[in-house]
Amino acid sequence: MVQLLDGKALALQIKDEIANEVRQLTAKGMRAPHLVAVIVGEDGASQTYVANKERSSKEVGFTSSVYRLPANITEEKLLETINFMNNDSEIDGFIIQLPLPKHINEQHVINAISPEKDVDGFTAINVGRMVLGEDAYVPATPMGVCTLLKRYGIETAGKHCVVLGRSNIVGTPAANLLSRKGFDCTVTMCHSKTQNLADMTRQADILVAAIGKPEFVTAEMVKEGAVVVDVGIHRIPDETKKSGYRIIGDVKHSEVDEKCSWVTPVPGGVGPLTICSLLENTMKAYKRNNNIE
Ligand code: NAP
């Protein structure tokens, strides 16, 4: 019988834990942790993501600011804003919502973020620290995947984990984290040049789907009893919904779920944990900034 890795419920629990900690700190007279999100331009999906991050930050008692910058801002001006945030001791962490307009070099901008305030874990310094197993800010989505597996007590040591996708923000860090001491998976990372993909995925005790293709993973690609983590998020037009769309993942849940021992639903699986991880990283940055612990 399949069991749900319920990200929505777990996220509520983690947010509660963070909110309690914030209450205790502010009761002692300390300021609340401060997270800033920078959004450049009017991209609809980015606006939604930033609004969700802002709402969650406020829910746990953080100070949350959103800097809205025009789409035609120069790279130089954006770098000045980053420099300002790097040097403002009352800002604990900040994120630059991606994608940025085409005339701006994303890598320049990301690497201008102080590694100590890089709560998205995207700078080269934090990626390097993560790969070396040093203390680092880890990207929120793979961190959310790890939190789900850990908090639900999923046995990972010695298991074969197949990660579908090798992006810098999901697949590659997920593969790195799950192969580390503590998780101890044997990891295979697949991508668009992988041959006989279904043969690979059928070997997975734990399958992490981060391929960015709606319902790509079908039942014949999954081993009986596998743990399936679906990272995918796709908006599909649906006139029966008030919003006009529904959310589906990279896994065809209608046929895959009955084969799984554990599975993340979409929505309500990895998504809520992604935001939680950002809050956890911000809490960590706040403590570091204020010499707590
Ligand atoms: P991405 O940058 O598009 O990367 C997709 C990866 O899948 C690439 O490595 C690509 O291989 C591989 N791929 C594509 N088609 C393939 C195929 N036919 N066979 C094998 N591999 C294939 O996507 P991403 O940013 O990692 O995101 C993945 C999914 O997660 C998306 O649905 C995204 O919306 C979702 N997401 C969710 C959250 C969340 O909070 N839940 C956060 C971020 C992303 P190549 O490298 O060879 O091109």
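Refer to the preceding data block for the structure.
So, here's what we can say about the structure. (Residues numbered from 1 in each chain as written. Predicted model: local features only at pLDDT ≥ 70, side-chain atom pairs only at ≥ 80, totals over all residues. Heavy atoms only, no water.)

Right, let's talk about the overall build of the protein for a bit. Across its full length, the protein carries 10 helices and 11 strands. Since a compact globule built from 293 residues should have a radius of gyration of about 19 Å, the 19 Å found for the protein is in line with a globular shape. In terms of its C-alpha atoms, the protein occupies a principal-axis envelope of roughly 50 × 40 × 40 Å. Buried residues in the protein amount to 49% of all 293 residues. (Helix = DSSP H or I, 4+ residues; strand = E, 2+ residues; numbered from the N terminus. Rg over C-alpha atoms; globule rule 2.2 N^0.38 Å. Buried < 20%, exposed > 50% of the residue type's maximum accessible area, 1.4 Å probe, protein only.)

Here we take up the pattern of salt bridges. Evaluation of the coordinates by the stated rule reveals 15 salt bridges. Arg-31 is the salt-bridge partner of Asp-92, the closest N and O atoms lying 2.9 Å from each other. One end of the pair, Asp-92, is in the loop between helix 3 (75-87) and strand 4 (93-96); the other, Arg-31, is in the loop between helix 1 (7-27) and strand 2 (34-40), with 61 residues separating them in the sequence. Residue Lys-77 is joined to Glu-80 by a salt bridge in which the shortest nitrogen-to-oxygen separation is 3.2 Å. Within this pair, Lys-77 and its partner Glu-80 are both found in helix 3, separated by three residues, close to a single helical turn. The exposure class of Lys-77 is partly exposed, given its relative accessible area of 46%. A relative accessible area of 43% places Glu-80 in the partly exposed class. (Salt bridge = Lys/Arg side-chain N within 4 Å of Asp/Glu carboxyl O.)

A separate point is the nonpolar core. Core analysis: the largest hydrophobic core is formed by 41 residues, its most contacted members being Leu-178, Val-208, Val-229 and Val-231. Listing elements by their share of this core, those giving two or more residues are helix 1, helix 6 (140-151), strand 5 (160-164), helix 7 (171-179), strand 7 (206-209), strand 8 (227-230) and helix 10 (270-289). With seven residues, helix 1 is the single largest residue contributor to this core. The contact partners of Leu-178, leaving out residues within four places of it in the chain, are Cys-146, Leu-149, Cys-161, Phe-183, Asp-184, Cys-185, Val-187 and Val-208. (Core = buried A, V, L, I, M, F, W, Y, C linked by side-chain atoms within 4.5 Å. Contact = heavy atoms within 4.5 Å.)

Now for the sheet that holds strand 3 (residues 63-69). Spatially, the three strands line up as an open sheet ordered 3-2-4, and their pairing is parallel. The sheet is open, and its two edges are formed by strand 3 and strand 4, each paired on a single side. Along the sheet, successive strands turn relative to each other by an average axial angle of 15°, direction set aside. Of the pairings in the sheet, the one linking strand 2 to strand 3 comprises seven bridges and is parallel in character. Residue His-34 lies in a different strand from strand 3, and its bridge partner there is Thr-63. (Pairing = 2+ DSSP bridges. Axes fitted to C-alpha atoms, helices over the stretch in contact; angles between N-to-C directions.)

Here we take up the site of the ligand. Neighbouring residues of the ligand: 22 residues in total, closest Arg-166, Ser-167, His-191, Ser-192 and Thr-274. At 2.7 Å from an oxygen atom of the ligand is found a side-chain nitrogen or oxygen belonging to Arg-166. Contact distances for the ligand include 3.5 Å between an oxygen atom and a side-chain N or O atom of His-234. Protein chains shield 71% of the accessible area of the ligand, which is 930 Å² for the free molecule. Sorting elements by how many residues they give to the shell around the ligand places helix 10 first, with three residues. Looking at the shell around the ligand residue by residue, the classes come out as nine nonpolar, 10 polar and three charged. (Near = heavy atom within 4 Å. Polar contact = N/O pair within 3.5 Å; in protein donor to acceptor, adjacent residues only side chain to side chain. Areas by Shrake-Rupley, 256 points an atom, 1.4 Å probe, with all protein chains shown as cover. Nonpolar A, V, L, I, M, F, W, Y, C, P; charged D, E, K, R; others polar.)

The contact between helix 2 (residues 44-59) and helix 10 brings their axes to 10 Å, and the two run at 55°. Overall, the two elements helix 2 and helix 10 adopt an arrangement that is oblique. The way helix 2 lies across helix 10 gives a crossing that is right-handed. On helix 10, the residues touching Asn-52, Lys-53, Ser-56 and Ser-57 of helix 2 are Ile-275, Leu-278 and Leu-279. Considered class by class, the residues forming the contact of helix 2 with helix 10 number three nonpolar, three polar and one charged. (Parallel < 35°, antiparallel > 145°, perpendicular 65-115°, else oblique. Left-handed = near helix turned anticlockwise from the far one by under 90°.)

Looking now at the side chain of Ser-57. Note that Ser-57 resides in helix 2. For Ser-57, a relative accessible area of 1% gives the class buried. Apart from residues no more than four positions distant in its own chain, Ser-57 is found in contact with Leu-35, Phe-62, Ser-64 and Leu-279.

Okay, the sheet that holds strand 6 (residues 186-190) next. The sheet built from six strands is open, its strands ordered 1-11-8-7-5-6 with parallel pairing. Each edge of the open sheet carries a strand with a single partner, namely strand 1 (3-4) and strand 6. Where strand 5 and strand 7 come together, four bridges link them in parallel fashion. What sits directly across from Val-162, in strand 7, is Leu-207.

This next bit is on the pairing of strand 8. Here strand 8 shows two buried faces, one formed by Val-227 and Val-229 and the other by Val-228 and Asp-230. Looking at chain direction, strand 7 and strand 8 are connected through four bridges and run parallel. For Leu-207, the partnering residue across the bridge sits in strand 8 and is Val-228. With two bridges connecting them, strand 8 and strand 11 (residues 262-263) associate as parallel partners. Looking at the pairing, Val-227 lines up with Trp-262 of strand 11.

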